[in-house]
Amino acid sequence: WYSPDALAAAVPTGLLSFTIVSFFLGTAGYASTFVAQYIGAGRSKRVGPAMWQGIYIAIIGGLVVASTVFLADLIFDFVGHDPAVKALEKEYWKYLAIGGFFPIGKAAVSSFFTGRGQTYPILWSSLVGMSINVVLNYILIFGKLGLPEMGIGGAGLATIISELCSFIMLLYMALSKKYNAKFNTISGYRFDKLLFFRLIRFGIPNGTQFSLDIAAFTIFILLIGRLGTPELAASNIALNISMLSFMPMIGMGITVSILVGQSLGGNRPDMAKRATFSALQMASLYMGSIAFLYLIVPQLFIYPFSAQADLVEFQEIKILATTVLKFLAAWTILDSIAIVISSALKGAGDTRFIMFAMLGISITFLILPTYIALEVFDLGLTAAWSAGLAYMISLAVVYGLRYKTGKWTSMKVIEQPSSLIEG
């Protein structure tokens, strides 16, 4: 609603920031697989220490992300978007860099709950954070209640405050006396060298894969941005819309990872396969329904972005966004398959394969084809999103073939009980 330039700047900046954050988030958050396998193996006293090793990784990650506040000029001068968009990208980046610790820390603390299958605390903390974000966005972006109008900077500040509140709420619940007595969530705070580096060993490939996924898509969006502000804004709108359907699939993926981890921790690979197949069925039904709506009533999804926008200025963006939604209809179905299967593999500990597969496929089927289509042949928005669709097909096929080998069913990330003296 604020301006097309702000809309065009927000998503690529957010994606680029999250590319860095996601590496540490994926590494720290992988503690959830350790928690799941410890629970499956009946070793609850190791749960708290696993969470704390994730928090230590989050602290390191937060410092690294914060240091990128000084790189805004270098990054966005290189990207080369329109000058007005570039100035907003630099402003937004600084806020996201400063607040980089909070999503990573939240992922580490969330591992305590998700690894045990207790997802409601994460739901409540996320709802609180989201509600604060929505209210503060309106107040700070537009300058309500006597506060100055901050524009995209207000969106950045709202993000920091909401993530902080959500993190504190989740940490407070995890450190309760009840949980400490059973899981060592307070007394297990010490740095555990063996467990820390075991988490690093399995978590870094997971974080790298996560970061590569975001990085590839960020480069994809940045390349589209070179076509012009309308193309970039239209793609950003479509991506914001897709988040509504995509985020539940992330939750589904987390669920699959945890159920697979708990099943393998308890030596029940049959239950791990059953959980994965059930998730595939649910994901296909859900995403198929969403894809159908993208094709039939795209205006329903675009309307919230146009409601307070200048209608003449927005018309071209609306037409382009409708085109992109057609590609997203197929994209979302394939993405749901890739998420569920890769989550099952990661829940077992097969993170290195996922990392290398992501690296090869993203370069071969997304980045290079998009660059050639836009920069060499000047083929436009449709060609770019065609490359994106080819990328998703490749991911789904490769992950599916790896899953069918069954190698993942004999994997574990936790150490054997004989090698550990529990506190």
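Residues numbered from 1 in each chain as written. Predicted model: local features only at pLDDT ≥ 70, side-chain atom pairs only at ≥ 80, totals over all residues. Heavy atoms only, no water.

**Brief notes about the overall build of the chain**
A tally of regular secondary structure across the chain gives 16 helices and zero strands. A compact globule built from 423 residues should have a C-alpha radius of gyration of about 22 Å, and the chain, at 22 Å, falls within 12% of that. Its C-alpha atoms put the chain at 70 × 50 × 35 Å along the principal axes. Per-residue burial for the chain yields a buried fraction of 53% across its 423 residues. Sequence-distant contacts, at least 24 apart, represent 84% of the contacts inside the chain between residues at least 6 apart. Counting every atom, the chain has about 18,600 Å² of accessible surface; 69% of that belongs to carbon and sulfur. For the chain, the centre of its 28 positive side-chain charges and the centre of its 21 negative side-chain charges are spaced 20 Å apart. (Helix = DSSP H or I, 4+ residues; strand = E, 2+ residues; numbered from the N terminus. Rg over C-alpha atoms; globule rule 2.2 N^0.38 Å. Buried < 20%, exposed > 50% of the residue type's maximum accessible area, 1.4 Å probe, protein only. Contact = heavy atoms within 4.5 Å. Areas by Shrake-Rupley, 256 points an atom, 1.4 Å probe, with all protein chains shown as cover. Lys, Arg positive; Asp, Glu negative; His and termini not counted. Charge placed at Lys NZ, Arg CZ, Asp CG, Glu CD.)

**Side note on the environment of D73**
Relative to the helices and strands, D73 resides in helix α4 (residues 72-79). Note on D73: relative accessible area 45%, which makes it partly exposed. Separated by 16 residues in the primary sequence, D73 and E89 have C-alpha atoms spaced 9.5 Å apart. There is a polar contact of 3.3 Å between the side chain of D73 and the side chain of K90. (Polar contact = N/O pair within 3.5 Å; in protein donor to acceptor, adjacent residues only side chain to side chain.)

**A short note on the confidence of the model for the chain**
Looking at the chain, the pLDDT average stands at 89 and 97% of residues meet or exceed 70. Across the chain, the secondary-structure element scoring lowest on mean pLDDT is helix α13 (residues 298-306), at 81, and the one scoring highest is helix α3 (residues 47-67), at 96. Below pLDDT 50 for its whole length, residues 419-423 participates in eight contacts with residues either more than four positions away or in separate chains. (pLDDT = per-residue confidence, 0-100.)

**Considering the pattern of salt bridges**
Under the definition given, this model contains eight salt bridges. For the salt bridge of K106 with E163, the shortest nitrogen-to-oxygen distance reads 3.3 Å. Residue K106 is found in helix α6 (residues 101-114), and its partner E163 is found in helix α8 (residues 152-174); the two are separated by 57 residues along the sequence. Measuring nitrogen to oxygen at the nearest pair gives 3.2 Å for the salt bridge that ties E375 to R226. Pair noted here: E375 is in helix α15 (residues 351-376) and R226 is in the loop between α10 (193-225) and α11 (229-265), with a separation of 149 residues, a long-range link. Here E375 falls in the partly exposed class, since its relative accessible area comes to 33%. (Salt bridge = Lys/Arg side-chain N within 4 Å of Asp/Glu carboxyl O.)

**Brief notes about α4**
Given 3.6 residues to a turn, an α-helix orients residues that are three or four positions apart in the same direction. All of the buried residues along α4 are A72, I75, F76 and V79. Burial along α4 is one-sided: seen end-on, the buried residues are contained in an arc of 80°. Of the residues in α4, the exposed ones pointing more than 90 degrees away from the buried face are L74 and F78. One or two residues past the end of α4 sits G80, with phi positive at roughly 80°. (Arc of directions from axis to C-beta.)

**A word on the packing of aromatic side chains**
Where two aromatic rings form a pair, the distance of their centres and the angle of their planes describe that pair. Tallying each qualifying case throughout the model produces 25 aromatic pairs. Centroid distance Y30 to F34: 6.2 Å. Interplanar angle 80°. Geometry classified as edge-to-face. The pair Y30 / F34 is uniform in exposure class, with both members buried. Positioned above the aromatic ring of F183 is the side chain of R116, whose terminal nitrogen or guanidinium carbon lies 4.8 Å from the ring centre. Its end group placed over the ring of F353, R402 keeps NZ or CZ at 4.3 Å from the ring centre. (Phe/Tyr/Trp six-rings, centres within 6.5 Å; stacked < 30°, edge-to-face > 60°. Lys NZ or Arg CZ within 6 Å of the ring centre and 35° of its normal.)

**Description of the packing of α3 against α6**
One can describe the packing of α3 onto α6 by two numbers: an axis separation of 8 Å at closest approach and a directional angle of 170°. For the element pair α3 / α6, the angle class is roughly antiparallel. Contacts from V47, M51, G54, I55, A58, I59, G61, G62 and V65 of α3 reach α6 at F101, I104, G105, A108, V109, S111 and F112. Split by residue class, the contact of α3 with α6 holds eleven nonpolar, five polar and no charged. (Axes fitted to C-alpha atoms, helices over the stretch in contact; angles between N-to-C directions. Parallel < 35°, antiparallel > 145°, perpendicular 65-115°, else oblique. Nonpolar A, V, L, I, M, F, W, Y, C, P; charged D, E, K, R; others polar.)

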